Structure formats: C-alpha cells, structure tokens
Amino acid sequence: MSRVHRVVLPLRVLLVVVFAALAAAEIWAVPGLVPDIAGPSTEQTVVQWVMHAVLVLALGCVQAVIVCTWQLLTLVTTDRIFSASSLPWVNGIVSAMAVGWVTLLGAFVCSYYFVIDEVSDDPVLPGLLLVLLLVGAVAGLLMVVMRALLRQATTLRTDMEAVI
C-alpha cells in the first residue's frame, strides 16, 4: 500500500467529521450567532435574515469544497488525478471559494453598517471578517494557481501517454 493510500482514509474520516460539524452548525449554531435586537424594526429584521442566510451560504460553500475534495481523493486512489475528469472538481472548489469570498465580503459590509451602528461599537466582528477575507483571498488565488498546475500536469501526462 502506497503512502498516499494510507493518508486518504484518515483524511476522508476527517472530511466526514468536518462536514457533519458544519451541518450541525448550520442547524444549531448559526441562529445563535445572529445578534438579537430588542424590538427590531422591519429593516433590522431583514438584516437579521440576510445575516442568517449569509452564514448558511458560507458554511455551504465549505461543504461544497469538502465534497469536491472527496471526489478528488477518489481520483487520487484510482490514479486518475491527472486526467480531464479532475478539472471540474477543481473548478468546483474555485467556484465555491469565490462564492464564499463574495459572501464574506457581504457579511463584512453588513456587519460594519448594521451591527456596529445599531448594536455595539465593538470592532471585533468586522476585524475577524476582514482577516477571513484576506485568508480567503489568498486561499482562492492559491487554488487558481493549483488549477493551472493541474492543467499543465494533465497535458504533460496526456502527451507522455501518447508518446508511449
């Protein structure tokens, strides 16, 4: 058994645990994260629902990345990772990361204009979201570079198989 195959099983177990934890967070934790506003106006109620939807969408994007990673691990175990069948899954990861980043940007704007002005002056939430935006941008751009490398490796493998 190769070293890659020994790593795939524990990685899959961890992916299942993270996926389940994210699903539980969507159900139980997200409603508690949205701040309660005493006697909310219609505008504040809409903002609460938008923030709730943003959190669920962001967690859904992470779950989409987990599903795509699972499929890529399947391709690794069958030695088909450097084929055209892996590119849609990598594109799915890049797309989910882009949607998640835009969602976090919306949450940053929403938290700055509505939570800070209406609920408290605590800058922790916008600061945390800003850090997440920066980390998400780096991870997304890194995935774009990895996708380009995968395309090059796929082309090289196809060319080598044609020569052999």
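Here the residue numbers are simple positions, counted from 1 along each chain's written sequence. The predicted origin of the model limits local features to residues at a pLDDT of at least 70 and limits the giving and counting of side-chain atom pairs to 80 or more, whereas totals for whole chains, interfaces and linings rest on all residues. With hydrogens and water set aside, each side-chain value is computed from the structure's full complement of heavy atoms.

Some remarks on the overall build of the chain
We count it as follows: What counts as a helix is a DSSP run of H or I of at least four residues, what counts as a strand is a run of E of at least two, and both are numbered from the N terminus. Only protein chains enter the calculation, and the probe is 1.4 Å; a residue is then buried if its accessible area is under 20% of its type maximum, exposed if over 50%, and partly exposed in between.
Along its length, the chain carries four helices and zero strands. Counting the 164 residues in the chain, one finds 26% classified as buried.

Some words on the environment of Leu 128
By the element assignment, Leu 128 lies in helix α4 (residues 124-163). Relative accessible area serves as the criterion here: at 48%, Leu 128 is assigned to the partly exposed category. A C-alpha to C-alpha distance of 9.0 Å links Leu 128 and Phe 108, two positions 20 residues apart in sequence.

A look at the UniProt feature "transmembrane region" (unreviewed entry) in the chain
Put simply, the rule reads: UniProt positions are given in the numbering used here, feature names are shortened, and annotations may be inferred rather than shown by experiment.
Per the UniProt record, the feature "transmembrane region" (unreviewed entry) sits at residues 53-77, 89-115 and 127-150. For residues 53-77, the end-to-end C-alpha separation is 36 Å, with 100% helix and 0% strand making up the annotated structure. Secondary structure across residues 127-150 comprises 100% helix and 0% strand; the distance between its end C-alpha atoms is 34 Å.

Digging into the pattern of salt bridges
For the record, the criterion: For this document, the term salt bridge refers to a Lys or Arg side-chain nitrogen within 4 Å of an Asp or Glu carboxyl oxygen.
Taken as a whole, this structure holds two salt bridges when the rule is applied. Close ionic contact of Asp 79 with Arg 157 constitutes a salt bridge, the shortest N to O distance being 3.4 Å. Remark: Arg 157 occurs in helix α4 and Asp 79 occurs in the loop between α2 (42-77) and α3 (87-118); sequence separation between them is 78 residues. Put simply, Arg 157 and Glu 161 hold a salt bridge, and the shortest N to O gap is 3.3 Å.

Digging into helix α1 (residues 3-33)
Convention followed: For a residue, the bend is simply the angle between two axes, fitted respectively to the seven-residue segment ending there and the seven-residue segment starting there.
The principal kink in α1, of about 50°, is found at Glu 26. Those residues of α1 that sit buried are Val 8, Arg 12, Leu 15, Leu 22, Glu 26 and Val 30.

Here's the deal with the packing of aromatic side chains
Note the following rule: Aromatic pairing here means that ring centres of Phe, Tyr or Trp (its six-membered ring) are within 6.5 Å. Orientation follows from the plane angle: under 30 degrees is stacked, over 60 is edge-to-face, and everything else is tilted. Note on criteria: charge over ring means Lys NZ or Arg CZ within 6 Å of the ring centre, with the direction from the centre no more than 35 degrees off the ring normal.
Evaluated as defined, the whole model comprises zero aromatic pairs. Cation over ring: Arg 12 sits above Trp 70, and NZ or CZ is 4.6 Å from the ring centre.

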